[in-house]
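Single-letter residue listing:
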Amino acid sequence: MVYMAINAVAGSIREFSPKDIDQVYRIAQESLTEFYTQSLIMDLHREWPESFMVYTITDTVVGFIVGSKYSRTEARILLFAVDERFRKMGVGSALMDRFLQLCREENMLSVRLEVRTDNDEAIRFYKKYGFVITALLPGYYSDSSNAYTMWRIV
Ligand code: ACO
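Residue positions are counted from 1 within each chain, in the order its sequence is given. Only residues with pLDDT of 70 or above have their local features reported here, since the model is predicted, and side-chain atom pairs are shown and tallied only from 80 upward, although totals for entire chains, interfaces and linings are computed over all residues. Computation of side-chain values covers all heavy atoms of the structure but excludes hydrogens and water.

A. Inspection of the site of the ligand at higher detail. Here a residue is near a molecule or strand as soon as one of its heavy atoms is found within 4 Å of it. Close to the ligand lie 24 residues; Phe80, Gly90, Gly92, Ser93 and Asn119 are nearest. Counting of polar contacts relies on pairs of N or O atoms within 3.5 Å, with two restrictions inside protein: one atom must be capable of donating a hydrogen and the other of accepting it, and residues adjacent in sequence are counted only when both atoms are side-chain atoms. A distance of 3.3 Å is found between an oxygen atom of the ligand and a side-chain nitrogen or oxygen belonging to Arg87. Surface burial for the ligand is 78%, taken as the share of its 1,000 Å² of free accessible area covered by protein chains. Because more than half of its atoms lie within 2 Å of the grid, the ligand is assigned to the largest pocket. Per the convention used, a helix needs a DSSP run of H or I reaching at least four residues, while a strand needs a run of E reaching at least two, with both numbered from the N terminus. Broken down by secondary-structure element, the contributors of at least two residues to the shell around the ligand are β5 (74-82), α3 (91-105) and α4 (120-128). Think of it as three bins: nonpolar holds Ala, Val, Leu, Ile, Met, Phe, Trp, Tyr, Cys and Pro, charged holds Asp, Glu, Lys and Arg, and polar takes everything else, Gly as well. For the shell around the ligand, the class distribution of residues is 13 nonpolar, five polar and six charged. What sets the accessible areas is the Shrake-Rupley method with a 1.4 Å probe; for residues, cover comes only from the shown protein chains. Definitions used throughout: a 1 Å grid over protein atoms alone; a cavity as a set of points that fits a 1.4 Å probe which cannot get out; a pocket as an open set with protein on both sides within 12 Å along at least five of seven lines; a lining residue as one with an atom within 4 Å of a point. More than half of a molecule's atoms within 2 Å of the grid points is what it takes for that molecule to sit in a cavity or pocket.

B. How the structure looks around the environment of Met89. Along the chain, Met89 turns up in the loop between β5 and α3. Linking Met89 and Ser145, residues 56 residues apart in sequence, is a C-alpha distance of 29 Å.

C. View of helix α1 (residues 21-31). Residues Ile21, Val24, Ile27 and Ala28 constitute the buried set of α1. Seen end-on, α1 carries its buried residues on one side only, within an arc spanning 130°. Seen from the open side of α1, the exposed residues pointing more than 90 degrees away from its buried face are Asp22 and Glu30. Should any heavy atoms of two residues lie within 4.5 Å, those residues are considered in contact. Where the residues of α1 are buried, they touch α2 (38-47), β3 (53-57), β4 (60-69) and β5. Accessible area is worked out with a 1.4 Å probe on protein chains only. A residue is then buried under 20% of its type maximum, exposed over 50%, and partly exposed in between. The directions considered for the arc run from the helix axis to the C-beta atoms.

D. The packing of α1 against α2, seen in detail. Every axis in this analysis is a line fitted to C-alpha atoms, fitted for helices over the stretch in contact. Angles between the N-to-C directions lie between 0 and 180 degrees. Two elements in contact, α1 and α2, have axes whose closest approach is 10 Å; the angle formed by their N-to-C orientations is 110°. Judged on the interaxial angle alone, α2 and α1 are roughly perpendicular. Within the contact between the two elements, α1 uses Ile21, Asp22, Val24, Tyr25 and Ala28 and α2 uses Gln38, Ile41 and Met42. Grouping the amino acids of the contact of α1 with α2 by side-chain chemistry returns six nonpolar, one polar and one charged. Angle categories: roughly parallel below 35 degrees, roughly antiparallel above 145, roughly perpendicular from 65 to 115, and oblique for all the rest.

E. Representation of the UniProt feature "domain: N-acetyltransferase" (unreviewed entry) in the protein chain. UniProt positions are given in the numbering used here, feature names are shortened, and annotations may be inferred rather than shown by experiment. UniProt's feature table lists "domain: N-acetyltransferase" (unreviewed entry) at residues 11-154, given in the numbering used throughout. With 31% helix and 34% strand, residues 11-154 has end C-alpha atoms that lie 25 Å from one another.

F. Structural detail: the confidence of the model for the protein chain. How sure the predictor is of each residue is captured by pLDDT, a score from 0 to 100. With 95% of its residues at a pLDDT of 70 or more, the protein chain has an overall mean of 94. Low pLDDT, under 50, characterises residues 1-6; the predicted model gives this stretch 15 contacts beyond four residues in sequence or across chains. The complex prediction reports pTM at 0.93, with the ipTM value standing at 0.93.

G. Up close: the layout of surface pockets. Grid points are joined across faces, edges and corners, and a volume is the space filled by probe spheres set on the points. As a volume, the largest pocket reaches approximately 1,100 Å³. What lines the largest pocket is a set of 38 residues, among which Phe80, Ala81, Asn119, Ala122 and Tyr126 lie closest to the centre. Elements with a minimum of two residues in the lining of the largest pocket: α1, β5, α3, β6 (110-116) and α4. At seven residues, the largest contribution of residues to the lining of the largest pocket is made by β5.

H. Structural context of unusual backbone geometry. Even without being glycine, Asp59 reaches a positive phi, approximately 70°. Checked against the element boundaries, Asp59 lands in the loop between β3 and β4. At Lys88, a residue that is not glycine, the phi angle is positive and equals roughly 60°. As for its position among the elements, Lys88 is in the loop between β5 and α3.

See the structure below:
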């Protein structure tokens, strides 16, 4: 299914397909500080396939989001990144809007995520979306840096 997104850049959102793995992997490598193998990313896809969405511009993946169901009523955003060259154009917002829409369709009540405490850009983005910091997780990442848990009602 293809969802058109109205944005500063002309693109569309669709569900991830295994053929996208190289492009998603590249964006994850360049944008995220943790290392995720292609097989781990494919495992995440199996957790909640409909939540794994890619934003494409003329068949090129420029951003993606993937979540899981933390509980029957709580969704979790696992990975979320936009190719650096396409940031601040509304791609991340389009993906987040679609993810929240899916959560509503699946009767989720809340969404949580973890983010590095020094990731100011992402924290600002999430706060704009109504996420609040609910916990500090010391040494959460593989390099021992800290995470915040952020949370919002769907
Ligand atoms: N012109 C100017 N500014 C714009 C426009 C536009 N046309 N469209 C959006 N913006 C602004 C937004 O208002 C927003 O402003 P803010 O910085 O004050 O919040 C900002 O640009 C970003 O909004 P978007 O463009 O919708 O988001 P973007 O596509 O840049 O993606 C993301 C946001 C995913 C956080 C991106 O910065 C990123 O990939 N960061 C690196 C990876 C990362 O940190 N991911 C999150 C890790 S945590 C986790 O995965 C659970």
